[in-house]
Amino acid sequence: MAAWSHIRSKEGGALKEKFAYMTQCQSKSKKIAIVAIARKLAEFLYTLLKYGRDNEKRTSVATEKIAAEALIA
């Protein structure tokens, strides 16, 4: 449930772009992609709790740029 709400939010960030990349460029089904995003989110939260650190917002790479690089390679 947290992964779906994260994907649908306006500021989804890198995980939202990863979901879009998996569904559009890699032709994965939405169900498979959301399970992958949920796992990444769980691993991320576990790491934050384990080391007691705060989340640092990073800039994310645009999906179009990744797709263009994939087509060139």
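Residues numbered from 1 in each chain as written. Predicted model: local features only at pLDDT ≥ 70, side-chain atom pairs only at ≥ 80, totals over all residues. Heavy atoms only, no water.

Within the chain, the regular secondary structure consists of 4 helices and 0 strands. Ordered by position in the sequence, the α and β elements of the chain form the string α-α-α-α. A buried classification covers 21% of the 73 residues belonging to the chain. Carbon and sulfur atoms provide 57% of the accessible area of the chain, an area that totals close to 6200 Å². (Helix = DSSP H or I, 4+ residues; strand = E, 2+ residues; numbered from the N terminus. Buried < 20%, exposed > 50% of the residue type's maximum accessible area, 1.4 Å probe, protein only. Areas by Shrake-Rupley, 256 points an atom, 1.4 Å probe, with all protein chains shown as cover.)

In this model, the chain carries an average pLDDT of 82, and 86% of its residues clear a pLDDT of 70 or more. When mean pLDDT is taken per element in the chain, helix 3 (residues 30-51) scores highest with 91 and helix 4 (residues 63-72) scores lowest with 73. (pLDDT = per-residue confidence, 0-100.)

Moving on: the nonpolar core. Residues A3, I7, L15, F19, M22, A33, I34, I37 and L41 constitute the largest nonpolar core, which totals 9 residues. Those elements that place two or more of their residues in this core are helix 1 (2-8), helix 2 (13-24) and helix 3. Counting residues per element, this core draws most heavily on helix 3, at 4 residues. (Core = buried A, V, L, I, M, F, W, Y, C linked by side-chain atoms within 4.5 Å.)

Right, let's get into the packing of helix 2 against helix 3. In contact at an axis separation of 9 Å, helix 2 and helix 3 are set at 150° when each is read in the N-to-C sense. Judged by the angle between their axes, helix 2 and helix 3 are roughly antiparallel. The two elements helix 2 and helix 3 cross, and the hand of that crossing is right-handed. For the pair helix 2 and helix 3, the contacting residues are L15, K18, F19, M22 and T23 in the first and K30, A33, I34, A36, I37, K40 and L41 in the second. In the contact of helix 2 with helix 3, the residues fall into 8 nonpolar, 1 polar and 3 charged. (Axes fitted to C-alpha atoms, helices over the stretch in contact; angles between N-to-C directions. Parallel < 35°, antiparallel > 145°, perpendicular 65-115°, else oblique. Left-handed = near helix turned anticlockwise from the far one by under 90°. Contact = heavy atoms within 4.5 Å. Nonpolar A, V, L, I, M, F, W, Y, C, P; charged D, E, K, R; others polar.)

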